[in-house]
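Overview (structure and organization)
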Amino acid sequence: MSGPDVTVVVAVYNTMPYLTACLDSLVGQTIGLDRLEVVAVDDGSTDGSGAELDRYAKRYPGTVRVLHQANSGGPAAPSNLALDHARGRYVFFIGSDDHLGPEALERLVEAADRWDSDVVLGRMVGTNKRYVHQAVYATTQERLDLFDSDLPWSLSNTKLFRRDLIERYGLRYRTDMPMGSDQPFTLEACFRAKKVSVLGDYEYYYAVKRDNAQNITYASRFEERLRCAEELVGFVAGLIEPGPRRDAVLVRHFTWEVAKLLRTEFLALSPDVQRHVHDRIRKLAEAYLTEGVTARMAPEERVRLAVARDGDLDALRTLVGQQSDRSLCEVVIEGDRWYADQVGFRDPAFGYPDDWYDVTAAILAKLTATKLAWGRDAAGARALVVTARSRWAELAELSAEALRVSVGDLTGVTSVESSGPGTVVRTDFAVDRLLAVVAGTGERRIVRAEVSALGGTGSAPMRTDRPVSAPRLVARRGVRWHLVTPTTNHKGQVIVAITPVTPGRFLARLRRIWPSGGK
């Protein structure tokens with residue numbers, strides 16, 4: 001008898017009740033139980049997760065296999081053990097607090113077979129306010145280039161891998177890394193693969209942020225994050241030869257793993273710990289922060305890491321404080337250019353070019369929302385009206401094409417008007433167009449402003465200095481109804497949440513309105 005098409009690896013440690021939803025999503029896959037194998041490893045759980053796994057193994061004896069071991073301190077060891085027992089042609093990894101769309105595995109395996117791909121990504125979305133980088137999932141692509149795409153920004157292991165590739169190169173997880181152990185595995189698999197593909201046509205994977213925020217990514221300590229950053233940069237340097245290809249991967253690690261260590265929390269560390277952290281980051285930057293890396297970085301992170309490399313601790317502390325201030329930075333205005341007056345600007349001790357500090361477009365893109373409301377656009381269609389304010393009167397002097405306000409991929413119709421010392425910005429988003437650009441299962445999209453002017457482009461999420469919202473609106477597109485909720489998130493960013501109105505959600509809402517026994 002041939003083996004299963006796909007083995008799903010589940011490393012489990014204390015994830016009840018999310019584990020139940022995870023397992024239900026696996027055994028309910030449309031690929032069918034006969035083509036599926038689930039290998040779950042209980043890593044010494046104490047919350048009943050082990051017993052829940054055994055319950056599913058008893059109920060689905062030909063599909064679910066469970067292994068128990070003492071706690072290892074991270075997902076690497078249980079993932080490796082599961083790989084040793086995997087029999088599928090492909091392997092898929094899932095976090096035990098996450099879940100899959102019903103058709104996920106069938107679609108992924110079909111694509112891998114059709115295209116002869118070694119690695120296939122399926123669109124991954126966050127739930128419960130968990131952030132998932134979306135750029136790599138923008139379109140379906142048969143061939144995705146590791147060095148010329150957004151793939152380096154999506155190196156979690158939550159992908160379909162050809163098992164032959166894994167075994168041919170002896171790929172396993174780093175057991176010496178309590179966090180980030182999946183990234184070297186994923187990176188090397190993508191580096192060795194003859195073809196990597198991506199599917200953006202369906203919500204394959206739902207990444208859940210637990211209500212207690214105890215996912216290992218969120219619960220990690222500062223020292224572990226620092227060591228993870230060092231290990232990841234060192235791994236890339238050992239895998240990929242110096243040059244543009246290495247730089248294309250390192251820009252992700254310097255931006256996300258290294259530069260994020262030098263934010264507000266850095267200033268809260270004791271002076272001795274700050275000095276220790278600075279010394280280690282400086283060594284990384286001296287060795288691997290090349291011109292090819294800095295050229296690809298966003299200006300703020302570029303300056304922060306360059307100052308960490310070239311300046312002393314006092315200079316670094318000052319810069320981190322300047323960048324951490326949520327208010328608008330001090331600027332130097334010369335002609336039509338605006339420059340951030342921060343550490344290193346026109347300081348001969350650093351010698352950085354002025355354009356590293358050019359915030360002309362970026363600062364104009366920072367808008368403060370003052371009102372969200374329902375109204376009518378110029379054509380008379382129902383529209384979400386977003387009103388915002390800029391402190392800069394110069395914004396009103398730009399051409400109509402220079403300012404773009406968007407919700408995801410949808411650009412609104414924007415008008416500007418001078419108002420006192422600043423500018424008022426109004427943007428209309430037609431409701432039918434909002435519904436046309438979201439996935440069938442709904443989405444939460446951030447409202448962003450982008451300014452292209454004076455030789456540069458800057459963008460920023462629209463924020464508010466106080467909570468603003470508009471009433472929920474029930475709207476129909478075709479035969480489907482959706483609930484549209486304009487509001488602000490926990491970061492003070494303006495968002496539009498669009499949720500399909502399903503029979504289950506409708507009945508649940510009725511139960512809340514008319515509880516059992518009520519009238």
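Above this note sits the structure.
These remarks concern the structure in this document. (Residues numbered from 1 in each chain as written. Predicted model: local features only at pLDDT ≥ 70, side-chain atom pairs only at ≥ 80, totals over all residues. Heavy atoms only, no water.)

1. Points about the packing of helix H13 (residues 299-310) against helix H14 (residues 313-324)
Between H13 and H14, the least distance of the axes is 9 Å, while the angle of their chain directions is 165°. Here H13 lies roughly antiparallel to H14, going by the angle between them. The interaxial crossing formed by H13 with H14 has left-handed handedness. Facing Glu-300, Val-303, Arg-304, Val-307 and Ala-308 of H13, the residues of H14 in contact are Ala-315, Leu-316, Leu-319 and Gln-323. Along the lines of polarity and charge, the residues of the contact of H13 with H14 split into 6 nonpolar, 1 polar and 2 charged. (Axes fitted to C-alpha atoms, helices over the stretch in contact; angles between N-to-C directions. Helix = DSSP H or I, 4+ residues; strand = E, 2+ residues; numbered from the N terminus. Parallel < 35°, antiparallel > 145°, perpendicular 65-115°, else oblique. Left-handed = near helix turned anticlockwise from the far one by under 90°. Contact = heavy atoms within 4.5 Å. Nonpolar A, V, L, I, M, F, W, Y, C, P; charged D, E, K, R; others polar.)

2. Quick notes on the pairing of strand S21 (residues 473-477)
Sheet topology note: the S21/strand S22 (residues 480-488) ladder contains 5 bridges and is antiparallel. Its bridge partner lying in S22, Arg-477 is registered against Arg-480. The loop that links S21 with its antiparallel partner S22 comprises 2 residues; one of these, Gly-478, has a positive phi angle of about 65°. (Pairing = 2+ DSSP bridges.)

3. Some words on the environment of Arg-280
Structurally, Arg-280 is set in helix H11 (residues 271-288). It is 8.3 Å that separates the C-alpha atoms of Arg-280 and Glu-230, two residues lying 50 residues apart in sequence. The residues contacting Arg-280, other than those within four sequence positions of it, are Glu-223, Leu-226, Arg-227 and Glu-230. Of the polar contacts made by the side chain of Arg-280, one reaches the side chain of His-276; its length is 2.8 Å. (Polar contact = N/O pair within 3.5 Å; in protein donor to acceptor, adjacent residues only side chain to side chain.)

4. Considering the side chain of Ser-154
Locating Ser-154 in the fold gives a position in the loop between strand S7 (124-127) and strand S8 (160-162). A relative accessible area of 7% places Ser-154 in the buried class. Once residues within four sequence positions are removed from consideration, Ser-154 is found in contact with His-133, Val-136, Tyr-137, Lys-159 and Arg-252. (Buried < 20%, exposed > 50% of the residue type's maximum accessible area, 1.4 Å probe, protein only.)

Without other data, these values stay purely geometric and don't point to any function.
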